[in-house]
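One-letter residues, chain by chain:
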Amino acid sequence: MKFFASLREHKLLSFTLLLFTLSIGILLGTLVNTAVRAGNGQAGARDATPLSIPNPVELSTAFSQLAKQLEPAVVHITSTYGERERRQQSQRAPRRQPMPSPEEGQEGWEWFRRFFGQQPFEDAPQYPFRPQSTGSGFVVDRNGYILTNLHVVEEASRIQVKFHADPKEYDAKLVGSDAETDVAVIKIENGKPLTPARVGNSDAVGVGDWAVAIGSPFGLEASVTAGIISAKGRELAGEGHQLQKFIQTDAAINRGNSGGPLVNIRGEVIGINTAIATDTGAYAGVGFALPVNLAVNVYNQIIKTGKVSRGGIGIQFRKGRDELLKAYGATEGVFIEAVEPGGPADKAGIKVEDIIVALNGKPVKDGDDLVNRISNTPVGTQATVAVLRNGKRIDVPVTVGERAQIFPRLSGRRARPGAPGEVEGATQAKFGMSIRNLNEADKDRLGYEGRGVLITEVEPGSFAEDIGLLANDIVTSINRQPVSVIEDLQRIQGGLKAGDPVACRVMRASRQVPPRGQRPEWQPLFVAGTLPANP
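Rules of the game
- Residues numbered from 1 in each chain as written.
- Predicted model: local features only at pLDDT ≥ 70, side-chain atom pairs only at ≥ 80, totals over all residues.
- Heavy atoms only, no water.
- Helix = DSSP H or I, 4+ residues; strand = E, 2+ residues; numbered from the N terminus.
- Contact = heavy atoms within 4.5 Å.
- Areas by Shrake-Rupley, 256 points an atom, 1.4 Å probe, with all protein chains shown as cover.
- Expected span 1.5 Å × (residues − 1).
- Buried < 20%, exposed > 50% of the residue type's maximum accessible area, 1.4 Å probe, protein only.
- Pairing = 2+ DSSP bridges.
- Salt bridge = Lys/Arg side-chain N within 4 Å of Asp/Glu carboxyl O.
- Patch = residues over 30% accessible without salt bridge, like charges linked within 9 Å, V, L, I, M, F, W, Y side chains within 5 Å.
- Polar contact = N/O pair within 3.5 Å; in protein donor to acceptor, adjacent residues only side chain to side chain.
- 1 Å grid on protein atoms, 1.4 Å probe; cavity = no way out; pocket = protein on both sides within 12 Å on 5 of 7 lines; lining within 4 Å.
- Points joined across faces, edges and corners; volume = space filled by probe spheres on them.
- Nonpolar A, V, L, I, M, F, W, Y, C, P; charged D, E, K, R; others polar.
- Axes fitted to C-alpha atoms, helices over the stretch in contact; angles between N-to-C directions.
- Phe/Tyr/Trp six-rings, centres within 6.5 Å; stacked < 30°, edge-to-face > 60°.
- Lys NZ or Arg CZ within 6 Å of the ring centre and 35° of its normal.

A few points about the overall build of the protein
Stage number 1. The helix and strand inventory of the protein stands at 13 helices and 30 strands.
Stage number 2. Long-range pairs, those at least 24 residues apart, make up 63% of the contacts in the protein with a sequence separation of at least 6.
Stage number 3. About 30200 Å² of surface is accessible on the protein, with carbon and sulfur atoms providing 53% of the total.

Here we look at helix α6 (residues 292–305)
Stage number 1. Look at α6: 20 Å from first C-alpha to last across 14 residues, which is about the 20 Å you get at 1.5 Å a residue.
Stage number 2. Downstream of α6 by one or two residues, Gly306 has phi in the positive range, about 85 degrees.

Re the pairing of strand β29 (residues 501–509)
Stage number 1. Among the 9 residues in β29, 7 count as buried, and that is most of the element.
Stage number 2. With 4 bridges connecting them, strand β27 (residues 474–478) and β29 associate as antiparallel partners. Each bridged residue has a counterpart across the sheet, and for Ile478 the counterpart in β29 is Cys504.
Stage number 3. Across 9 bridges, β29 lies against strand β30 (residues 522–530) in antiparallel orientation. Opposite Met507, over in β30, you have Pro524 as the bridge partner.

Some details on the pattern of salt bridges
Stage number 1. Evaluation of the coordinates by the stated rule reveals 13 salt bridges.
Stage number 2. A salt bridge links Arg310 to Asp178; the nearest nitrogen and oxygen atoms lie 2.6 Å apart. Placement of Arg310 in the loop between α6 and β15 (311–312) and of Asp178 in strand β7 (residues 169–178) is noted, with a sequence separation of 132 residues between them.
Stage number 3. On the basis of relative accessible area, Arg310 is assigned to the buried category, the value being 9%.
Stage number 4. Accessibility expressed as a relative area gives 7% for Asp178, which makes it buried.
Stage number 5. Taken together, the salt bridges that share partners define one network made up of Arg198, Arg266 and Glu268.

Considerations on a nonpolar patch on the surface
Stage number 1. Nonpolar side chains collect at one region of the surface, where Trp210, Ile228 and Ile265 lie side by side and expose about 270 Å² of accessible area between them.
Stage number 2. Looking at the secondary structure, you find Ile265 in the loop between β12 (261–263) and β13 (269–276).

What about the environment of Ser133?
Stage number 1. On the secondary structure map, Ser133 appears in strand β4 (residues 132–141).
Stage number 2. In the structure, Ser133 is positioned 122 residues away from Arg255 in sequence and 9.7 Å away in space, judged by C-alpha atoms.
Stage number 3. Those residues in contact with Ser133 that lie beyond four places of it in its chain are Ile77, Thr78, Ser79, Tyr81 and Val152.
Stage number 4. Among the polar contacts listed, one links the side chain of Ser133 to the side chain of Tyr81, at a separation of 3.1 Å.

Points about empty space enclosed by the protein
Stage number 1. Under the definition given, this model contains 1 cavity of 30 Å³ or more.
Stage number 2. Taken as a whole, the largest cavity encloses approximately 40 Å³ of empty space.
Stage number 3. As for the largest cavity, its lining consists of Val74, Val75, His76, Lys162, Phe163, His164, Ser216, Glu221 and Ala222.
Stage number 4. Counting only elements with at least two residues in the lining of the largest cavity, the list comes to β1 (74–80) and β6 (158–163).
Stage number 5. Broken down by element, the residue count for the lining of the largest cavity peaks at 3 residues, all from β1.
Stage number 6. The residue inventory of the lining of the largest cavity, partitioned by class, reads 4 nonpolar, 3 polar and 2 charged.

Examining the layout of surface pockets
Stage number 1. The volume enclosed by the second largest pocket comes to roughly 620 Å³.
Stage number 2. Lining the second largest pocket are 28 residues, and of these Leu243, Lys245, Asn293, Leu294 and Asn372 lie nearest its centre.
Stage number 3. Broken down by secondary-structure element, the contributors of at least two residues to the lining of the second largest pocket are β10 (223–234), β11 (246–249), α6 and α9 (367–375).
Stage number 4. Considering each element in turn, the lining of the second largest pocket owes the most residues, 5 residues, to α9.
Stage number 5. The residue makeup of the lining of the second largest pocket, split by class, is 9 nonpolar, 13 polar and 6 charged.

Brief notes about the sheet that holds β1
Stage number 1. The strand order around the closed barrel built from 6 strands is β1-β4-β5-β8-β7-β6, with neighbouring strands paired in antiparallel fashion. Ignoring which end each strand starts from, the neighbouring axes of this sheet average 40 degrees apart.

A closer look at the side chain of Thr148
Stage number 1. Within the secondary structure layout, Thr148 lies in strand β5 (residues 145–149).
Stage number 2. Within the structure, Thr148 has its side chain in polar contact with the backbone oxygen of Ser136 (distance 2.7 Å).
Stage number 3. Not counting residues up to four positions away in its chain, the partners in contact with Thr148 are Ile77, Ser136, Gly137, Val153, Asp182, Val183, Ala184, Ser258 and Gly259.

Regarding the sheet that holds β10
Stage number 1. Judged by pairing direction, the barrel is antiparallel, and its 6 strands sit side by side in the order β9-β10-β11-β14-β13-β12 before closing back on the first. The mean angle between the axes of side-by-side strands here comes to 45 degrees, regardless of whether they run parallel or antiparallel.
Stage number 2. As paired elements, β11 and strand β14 (residues 287–291) share 3 bridges and run antiparallel to each other. When the bridges of β14 are listed, Thr249 appears paired with Gly287.
Stage number 3. Across the sheet, helix α2 (residues 62–70) touches β9 (210–215), β10 and β12, and the angle it forms with β9 is around 35 degrees.

Some remarks on the packing of aromatic side chains
Stage number 1. Per the counting criterion, the structure on display carries 7 aromatic pairs.
Stage number 2. Centroid distance Tyr448 to Trp522: 5.1 Å. Interplanar angle 65 degrees. Geometry classified as edge-to-face. Here Tyr448 is found in the loop between α11 (440–446) and β26 (453–458), whereas its partner Trp522 is found in strand β30, with 74 residues between them in sequence.
Stage number 3. Ring pairs connect the aromatic residues Tyr328, Phe335 and Phe526, which therefore count as one cluster.
Stage number 4. Over the face of the ring belonging to Tyr145 we find Lys187, whose NZ or CZ atom lies 5.2 Å from the ring centre.
Stage number 5. The positively charged end of Arg480 is found above the aromatic ring belonging to Tyr328, 4.6 Å away from the centroid.

Keep in mind these values describe shape, not function.
Encoded structure:
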């Protein structure tokens, strides 16, 4: 009986444990199921409508249409310059200090020598290092002719052209170039007709018109940016830009855009992207494009004769000379500040201080007008130049020469060398400048032979600074009265009153650096202004 009682107790205990275990399982399952339902309730939003992606229907706009239209014509240009040998070590770590040798107590390299028989990178193979630059261009002829900037391909040992949809790079040859406009023509041979860009008329461009720049900024091919025409006829400082009157735009232009097209809203090329104004080297809202009409003129001459020819007569002048013209009795024209020795004007008898008032019977408004008309005159043509000399008009026949031969230095000028040190014994003079008489030591130091009074200092904000006088200029006349010593200058200044025109003739050292052992070239320069009440 005890056995059966014990068995019954064990069965009851087992049943109780089983029932407890089942209860715990049911409780856990209920909790997990509740948590899952709660989570599902948080993720769902029964009142929301699922999003759908529409079919890829093209939504064309004027900008996208012209981008697609010009894509086959715009190219990426890579220019390679020469070749230099560099060691693998310098390429991998150009700033790394020389590696220590075991002889210097560095035992760490011993294992390297033991296995490889030499120092690390010792006698490493040399690899050619070829500096490269990139730019842009655009096809203008189905036979492979491309327009770009000269500075993109100048002096390159190899020019390669790549189209956006073509992974292949094509070698190009330089057909011809023009340094004064920074235009170059290159040609590729790819065995099939190309799609040229349509050329527009840059004279029709208006301020406020849409403008689109296409090119490879920072090497990013076929980049398209849009803006407007901000200004026309914009000039950049420097003698080398005399023929360039740029279109200004706020369409983003960066490094690599040079040579690419600036187009109007119809997809016609109106300019070649050439330069930017920036303090950082990157886009700052001001870009410049060479008008395509000027580029077309250059292109047509290059494909016809292989070079660009322009007329010239061999004179120099500066713009904004109204006060100078007034002092010499004229209201408009071009005041001649220098005559190139042996040039057409010199041979014809035109002199410094003459004022050109007409060309072939038509009035000359200003320097731009004169340059445009002379440069477009065929070389060898005889032109009639009317000058005003001492108040009298004289007609002078001049045979137009080749501008590049008359002014070969235009493409090779360097910055003016630094001014010599201060000169002792200076006298304070009117106009806000200090002066002194030239002595033999001054002439030897400056490399100058002649008469005049040396300007040793120009006060900031003074009348002298306003009209453009500089330290180390040598004043030779004021209002056509000669100046040889300080007393001459002071006497002339004493006869002037506020409101009088003042025209100074000075000698100034050329900005071109002379060869070693030779003296600088001194050139006459004229500056003028109206004398203020407190000069």
